[in-house]
Structures are given as C-alpha cells and as structure tokens.
Amino acid sequence: MISEPLLELRDVHKAYDGRRVVDGISLTLGRGGFYCLLGPSGCGKTTTLRMVGGFENPESGEVRLNGRVVNGLRPYERNVSTVFQNYALFPHLTAQGNVEFGLRERRLKDCAAQALRALQMVELADKASRMPAQLSGGEKQRVALARSLVLQPELLLLDEPLAALDPKLRKQMRTELKRMQRQTGITFLFVTHDQEEALSMADQVAVMNAGKVEQFGTPEEVYLRPATRFVAEFLGLVNWFGPVGVRPENTVAARGGEGLAGTVEDAVFLGNCMHVTVRLFDGSTVISELPAQGALRAGDAVKVRWAPADEMRFP
Amino acid sequence: MRQWFLLPARLWTGLFFAIPLCIVLAYSFLTRGDYGGVELPWTTESYLRLADPVYLGILWRSVWVAAVSSLLCTLLGFPLALFIAKSGKRKVFYLQLVLLPFWTSFLIRTYAWIFLLRDTGLINTVLQALHLISKPLPLLYNDGAVLAGLVYNFLPFFVLPVFASLEKMDPALLEAAADLGATGWRALWRVTVPVSMPGIVAGTVLVFIPCLGSYLVPDLLGGGKTVMLGNLVQNQFTSARDWPFGAAASFALLGVCALLAALLLRNRQIRSVL
Amino acid sequence: MKLRLYATLALLFLHAPLLVLIVFSFNSGKFTAWEGFSLRWYAAAARDSQLIDGLWNSLLIAFASAALATLTGTLAAYGMWRKAAPVLSAGLYVSLITPEIVTGVSLLALFQWSFRFLHLQLGMHTVIAAHVAFSIAYVSIVVSARLRGYDRSQEEAAMDLGATEWRAFFRVTVPYLAPAIAAAALLALAVSFDDYVITSLVAGVDSETLPMVIYSMARKGVSPVVNAVSSCVVVIFGALVLVSERLQRR
C-alpha cells in the first residue's frame, strides 16, 4: 500500500509578466476522490491545473505525484490526463480515432477494441466513426472524456469542461461525471468558477482567490463554515450584521416577534421559495429566503432574526 | 525545439537573401574596378553620382510612372472593389476573377500587351481593317504602353485591400447616411470613400512599390526608351559593368520601398486590411 | 447600373489580353488577322528543342525549389507561430518588398564573389537556391494564415495523451495544416515557374528556363509559337491556382 498522497502541491508559485498568478499554493489530494478548484476568473485555478498537467512549470515550489517531484516533466511523462475546456478533439480523426490516439502513442495492442469500450462507457459507441465536426457539444465532451479515461490515468484534470454546454445539459453532465468517477475509481480534479457545480459534485473543494487557496474542505464545510469572508461571499449570498454573516435561508423575516425591525422593500417569487428584501432602520438591506407560502408584501413591517448557530464570524 | 524549425529558413534567407544584400551594400561604397568588379578604397562616390541630373531624371521618371500607375489603379480599381463588395454571394467568384490573371505568368501577361500594341498588333490591325487609320499608331515602346502594362499587372494589389476594407464596412452606415439625407454620390463621397481610406492608402502603396522597382515591364513595353530605376540597376550590373553604382542605385530603390512599406505597416487600420 | 458596367469593363481589361492571346494561338495564319483554326503553332512549339529544353529545366527547378521552399517555409511559419521571431519575419517581409531586380543582382554578386573561392559555376543549383530564397516568404504567409486559426490546446492534448513534441507536430499539426501546405506548394511552384528577372541573372548556360526562352523570343518580335506556349502556360497555371485556392479555403 502506497502511503504517499496522489498529488501534493508545496508552496507553488507562478507569474506571467510579473503578475503573480499562482502565489504560494499548497494542496494535498488523496486517491479516488472528486476534487474541485473553485474560484473567480483570474484566480489562478486554471494555471494550477496546467502545472499539474505539465503544460506550465512552476517558478518555485514542488508538484509531486505519488511523492515524486514532477516539476519539469513533460505532459507525456506524467500519468495524468486533461480534458480541455474546448475539448481539443483532433478534427482530422474520427471519434474512435481520437480515443485511439493515446493508445497508439503507447503502442498498446487492440487499440480499436479498447477505444470502442471507452466509447461504450460514455454511450457513444454508435457514433464512433463520426468526425468531431459532426458531433454536438455534449458528444464532443464525452469523446474527450473517453479519450482521457481510456488511458487509465491516475489523475484526470478537467478544465471547466461544462462551461460550453447549455444549462440543461450541464446539469445532466454533473451526474454523469460523478458516475464516471465512481465507476473508474480515477481521481478527478475539476476546475470551475460555478459554485453550484463545485458544491454539487465535489468531495472536497479548494476555494481559490488571487493565486491562493482560501479554504480546502468538504462542500458542507466551505459553505456552512467558511474560513474567510471571501469564501462566504463567493459561495452564496450573505447578510452582514456587523462582523456576523448569516445566509439568507437562515435569516428569518416575520411580521411579529423578536429581532431587528425593518420594512419589506421587495418580494420575489422564485418557485420553490421567495426572496424577501428587507430594509433595516439603519439603512442596510438584508435578504431572507422564505417558503413560498406565507406571503410578505412590499411595505410590510417585519422583524429580522437568526439562530446563533447559523452565524458566520470572521476576524 | 522551436529553434530547429526556424533554422532552415534562417540559414536559407540569411545565405541567399541577407548576405547578398550586405555584399551589394558593401559594393555600393567601393570603387569601380578597371575591368568591372569592385576595388578599394571605400567611397560614397556612387551615391553622390545618383544626384547627377541624368540619374535624377531616371529617379523622377520612376516615381512619376509609379505614381500615375497607382492613380490609374485607383480610378479603375475602386469601382471594381466596390462592385465586388456589393455583389453578395458571387463575391468569391469575382475575387477569383480578379486574382486569376495575377497568378498566371507575369512575363506572359506583359508579352500579351506586345501582342496587342505593336504596329502589326491586334489593335492596329483592327483599326486598319475598319479604315479608321491608314498607318499603324505607335502604341508600343512609350510611356503609355509601360503604364498600361503596370496597371494591368498590379491592379489586383489595389483591389484586394480596398475590397477588404469595404467588406468590413457596416452596411448600416449607408442607411444612416441616407437617413441623414446623403444618398448616391454624396454618400459615396462622404461615407464610403472615407471609411475605406485605409484600404485605398494600402492599395496605392502596394501598387506604387512594385511599380517603382519594376524592370520587366519598362524593358519589354518601353523598349529601352522608358528607363526606370530597375533598368538602371540591371544595366550597371551587366553591360555597363559599374557595380558600385548599380549597387548604390539598388539601395536607393530598396530604401524607398522599405520606407514606404514601413510607413504602411505602422498604421494599425491599414495593417488590418493587408 | 453604372457601377456594374464600369466593373465589367475593368474585368474585361484584366482578362481580354490573355483571352485574345489564347484565341490567336489557334490562328492558322502567321499574322494577327484571323485565317482559320489550326493547331500548327502548338505542333511547332512541341518540335522546338529550345522550348522543350527550357520547359524541362523550368519544371525541374520549379519542383525542386517548391519542395525545399515548402518544407522550409512551413517549418518557419510553425516556429514563428510558437513564438515570434522578429528578425526572421522582418527578413521575410523585406524579401517580399525587395524589387526582383535588386534581389537578382545581389544574388549574382554573391555567386560571383563566392565562386572565386568555391570552384562552382552558375547553373541549375544557383537558380534553385535563388528560387527557394524568394519562395519561403510566400509559403510561410499561406501556412501562417492557417496557423492563426489553430488552437494550441490541440498539441497540448496530443502531448497529454503521450505524444512527444515531434510526434504531436507530425500527428496533429501537420494533418491540420495539410491543405495550406498543399496550397503553399502549388504557389511556390507557380512563382518559381514564372520567374524571369532573378532567374535570368543567376542562370548558367545549361539552365535556360522556359520564361527565358519566351523572353528572348518576345524580344525578337511576336511569334505565333510564343502565343501557343503562353496559352498552355496560362491555362495550366490558372488550373493550378484554382486548385490552390480551393485547398486554402478548406
């Protein structure tokens, strides 16, 4: 049994034209999980992924795979594979040809059969002879996945793979990616700027900001017990009461009882719930997420309160 | 690894383009040898000789011929480019039509004009057959023939960038102009021409540069009467065997061409239509 | 519409001279008056040993220099796409705007100067060297245009799947560039086959090309044989260029 973690980043730095894109990242990933790098655009998440993939080299710090430093190793010298944001399918090869590409590079036997099996796994066996130009966005995505998974890498890197898909397909692919991860047992490292995507798919999320990891933990931890103000705000709406933050779903607005007094300014019906905007007497506004029935209306005088257990405090 | 990709081109362009130019540059500062060739000492004599009225005349003639060719290309090419830009789906077809003769042999295209213009050429034969003239008109071996040959050969150089800039023009501009009361000629003059100006400037210079250094057209169609810089260079390197002077003339010519091209490439709007 | 008429006249100006030349190459008479259809001048051209020798020389030079220029220019375009090479690209630009006569005399100067030390003479090899030098820029422009639409992640994906840089280049980049490379090769073939000015300065006694033969015939006056040869060249070139354009648009 190998005791080393699968991937370890130790104080990794990378700058472009003097701008520090990755500014001292340390991160340890175990085997067989679904990990996510989450952050706003320009936070250095893609650069981090590219350093793991071997497309960029860190200026300082170490990237270790299975305990071995891989800084400076070329992409073809690492047992990791990347699904690119735009899929990067080879336009001159069929779906099958794309999946066979890496197998042929490794001079393996029965490439065709293996490729076909991989295409079956992504449910595209019937389109094996199509060219990429004849495939839809979702199908291209599956071919790109099959192309990487067929090589059975230890670590699969996914760079915003769902960004180019339409919203409905995106939701469907989330479940499917999750299924594939469990089925293959391969460790997935996924980059996204969409917090909903990260929270719904990942076993562990690393929230990044300005080249640093702000918090690394399970979705529940980062959402409910954010380590920093940035994490709290990036993962969802926060009502601020001085140094105390409370999520809208934990903020109760009601016609009577205890609490801070305010007036309902706006109530937006969202189907399964309502977002009620309340202006407090100090002039600030807070949002309360309430069940759809129970109808507060603009102009109503209300009291706003929350349970101390739901408070998020930051220094 | 990238260096290996660049190496063959670097070697070849260096050996058979850059070094030859450097040799000519060196020659231009040397003295003419007694039996052709070059000798020491170093001198700027050859460049000073370019200021001689005879050679200034050739320089002036080259500039004049190139300028008139560019002007004629503008007059002929702008409406053509406008027509192509407006012709919708058939654009590609018309563009090919413009380019097709351009890629067929330069020499043969020039020769075709000898066939048309000489005393027993097609034009004179037809005019005589129609009894419009009794003696053949002297159409060949003069400036007119040279201009015809140059415009004919280089017209595509003008049409392409103008087309590129017209193509980029937002059609709503003309609708806006019409809305503001400018239609027809006024819209053309006040909207279309100014908007496509980068293309017109680029096209004019792209015609001017090769015309200025042209050798074959004045040689074949000018019949030795219309001597331009290109012919001067050729003459000095072959029959006159005054290499330093030929070299100085080469660099004067190359200098003007490079300067014009550099000015052209400095403007971003113009660069975008090239 | 006035514009259409004007444009038609301009297009006529561009095409009439060559069309007239082609028509009269089939004239049975020696003069410009039409005397009937005949292939006699084509037959005469086919028997003219000077023209035939020139044609063979031109073809040999064109194929050799196009092959070399395509290889060199493609590699250069790729290298410059990976990372700007300001000196090389400036050199290629300058080679495009340098008047042919200047390029020609400078190559002549190089050969005359270097042959004092090397025991070589002007000949096929000097012509090929010169043609490759001026074709590289054309090739690299055509290939660069296609590279502009090329996504770097294609190569990264290939390397990610286990291909080395060289194998990624040959298995992914070259197939992508194939239409442009073919178009560039045809273009190089055309510019080499067509060149007169530079060739005439660097050719030796054994390497007279077809344009050189046509030039000397044209100097002597119009011969119907030249019309016939010219027509063949124009038609073959036209076809080549159309193929090249079609390839580039793929």
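(A) View of the nonpolar core. Formed by 225 residues in total, the largest nonpolar core has its most connected members in Leu177 and Phe188 of chain A together with Leu80, Ile84 and Leu216 of chain B. Top contributing element to this core by residue count: helix H8 (residues 165–194) of chain C, with 16 residues. Counting residues in hydrophobic clusters, the runner-up holds 25 residues, among them Leu27, Leu37, Leu65 and Val191 of chain A.

(B) View of the packing of aromatic side chains. Evaluated as defined, the whole model comprises 36 aromatic pairs over all chains. Seen in terms of ring centroids, Tyr55 of chain B and Phe245 of chain B are 4.5 Å apart; in terms of plane orientation they differ by 50 degrees. Their pairing is tilted. Taken together, the residues Tyr55 of chain B in helix H3 (residues 53–85) and Phe245 of chain B in helix H13 (residues 243–266) connect sequence positions 190 residues apart. There is no split in this pair, since Tyr55 of chain B and Phe245 of chain B are both buried. Ring geometry for Trp81 of chain C against Tyr150 of chain C: centres 5.3 Å apart, planes inclined by 45 degrees, an arrangement best described as tilted. With a gap of 69 residues between them, Trp81 of chain C in helix H3 (residues 49–82) and Tyr150 of chain C in the loop between helix H6 (124–147) and helix H7 (152–160) connect regions that are remote in the sequence. Its relative accessible area of 23% is what places Trp81 of chain C among the partly exposed residues. A residue is classified by how much of its surface remains accessible, and Tyr150 of chain C, at 7% relative accessible area, is buried. In this structure, Arg247 of chain A is placed above the aromatic ring of Tyr223 of chain A, and the distance from its NZ or CZ to the ring centre is 4.1 Å. Geometry around Tyr176 of chain C places Arg146 of chain C over its ring, the cationic atom sitting 4.2 Å from the centre.

(C) Summary view of helix H4 (residues 86–97) of chain C. Compared with the 16 Å implied by 1.5 Å per residue over 12 residues, the 17 Å span of H4 of chain C between its first and last C-alpha is a close match. Every buried residue of H4 of chain C is listed here: Leu88, Gly91, Leu92 and Ser95 of chain C. Seen end-on, H4 of chain C carries its buried residues on one side only, within an arc spanning 95 degrees. Turning to H4 of chain C, the residues buried within the fold contact helix H1 (2–28) of chain B together with H3 and H6 of chain C.

(D) How the structure looks around the packing of H1 of chain B against H13 of chain B. Residue and element names in this part refer to chain B. Between H1 and H13, the shortest axis-to-axis distance is 7 Å and the interhelical angle comes to 120 degrees. Taken as axis vectors, H1 and H13 run oblique relative to one another. The element H1 and its partner H13 pack so that their crossing is left-handed. Each of Leu21, Val24, Leu25, Tyr27 and Ser28 in H1 lies in contact with H13, whose residues at this interface are Trp243, Pro244, Ala247, Ala248, Ser250, Phe251 and Leu254. Classifying every residue of the contact of H1 with H13 by side-chain character gives 10 nonpolar, two polar and no charged.

About the cut-offs
- Residues numbered from 1 in each chain as written.
- Chains lettered and ligands numbered in written order.
- Predicted model: local features only at pLDDT ≥ 70, side-chain atom pairs only at ≥ 80, totals over all residues.
- Heavy atoms only, no water.
- Core = buried A, V, L, I, M, F, W, Y, C linked by side-chain atoms within 4.5 Å.
- Buried < 20%, exposed > 50% of the residue type's maximum accessible area, 1.4 Å probe, protein only.
- Helix = DSSP H or I, 4+ residues; strand = E, 2+ residues; numbered from the N terminus.
- Phe/Tyr/Trp six-rings, centres within 6.5 Å; stacked < 30°, edge-to-face > 60°.
- Lys NZ or Arg CZ within 6 Å of the ring centre and 35° of its normal.
- Expected span 1.5 Å × (residues − 1).
- Arc of directions from axis to C-beta.
- Contact = heavy atoms within 4.5 Å.
- Axes fitted to C-alpha atoms, helices over the stretch in contact; angles between N-to-C directions.
- Parallel < 35°, antiparallel > 145°, perpendicular 65-115°, else oblique.
- Left-handed = near helix turned anticlockwise from the far one by under 90°.
- Nonpolar A, V, L, I, M, F, W, Y, C, P; charged D, E, K, R; others polar.

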